[in-house]
Amino acid sequence: MVHASDASAKILLRVQARALRREAAKEAPDAANDVRVHLPRSLLTAAKVVAGYRAQGAEIDPRPLLQLFAEAGARIALPAAVSLDAPLVFRAYAAGDPLAPDAAGVPSPTDDAALLEPDLVITPLLAFDLFGGRMGQGGGHYDRTLAALRARAPVFVLGLAYARQQLARIPTEPHDQPLDAILTEKGYIEVPKDP
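It should be emphasised that the depicted structure is a prediction, and the values quoted were computed from it without experimental measurement. (Residues numbered from 1 in each chain as written. Predicted model: local features only at pLDDT ≥ 70, side-chain atom pairs only at ≥ 80, totals over all residues. Heavy atoms only, no water.)

Of the two faces of strand 6 (residues 120-123), the one holding Leu120 and Ile122 and the one holding Val121 and Thr123 are both buried throughout. For strand 1 (residues 49-51) and strand 6, the ladder comprises two bridges, and the chain directions are parallel. Considered in strand 6, the bridge of valine 50 is made with leucine 120. Pairing of strand 6 with strand 9 (residues 156-160), which is carried by four bridges, proceeds in the parallel orientation. (Buried < 20%, exposed > 50% of the residue type's maximum accessible area, 1.4 Å probe, protein only. Helix = DSSP H or I, 4+ residues; strand = E, 2+ residues; numbered from the N terminus. Pairing = 2+ DSSP bridges.)

Okay, empty space enclosed by the protein next. Within the structure shown, the criterion is met by one cavity of 30 Å³ or more. Roughly 30 Å³ of internal volume is contained in the largest cavity. Residues that form the lining of the largest cavity fall into these classes: seven nonpolar, one polar and two charged. (1 Å grid on protein atoms, 1.4 Å probe; cavity = no way out; pocket = protein on both sides within 12 Å on 5 of 7 lines; lining within 4 Å. Points joined across faces, edges and corners; volume = space filled by probe spheres on them. Nonpolar A, V, L, I, M, F, W, Y, C, P; charged D, E, K, R; others polar.)

Let us look at helix 4 (residues 63-71). Of the positions making up helix 4, those classed as buried are Pro64, Leu65, Leu66, Leu68 and Phe69. Phi turns positive, to about 105 degrees, at glycine 73, one or two residues after helix 4.

This is how it looks when you write it as structure tokens:
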């Protein structure tokens, strides 16, 4: 259970993280391309269905990264919110396919696009830590979605972030879904697994 003081601290932390991300975006305008050189080849060749996202605000645009995966033979999917309190669904996407606002107002593949189950999910974030902690926007969309995906099959979760978005420790709750690795414009960080 989250206490009111904990909830207030998380709200403040999100405000600070958004400001930091905006600064990082100005300092690293080529981050979307820079991250590509740090992607491990093993991930590139292993993934069969890769889910990305449509960048909002100062988020790193994953399109150059998704293009790499597509060129390596992976199918690409984008998330769509069918309701604000349900897990996201992933629909097939290729450059030039039509997009329409989903239940959250984010441009997403239309209802007629094929539903896909990703084995690698690239997630946006406000902040991360080296323990796999991820701070999202606060709506719980990715936590619900990743929990549902992981209940069905193994899924590798890759956080896409600016290096400056790293915090010492993200406050987590039992429902928070961890990252398996983080990719930044400065490098690739694999999260250590518990023995």
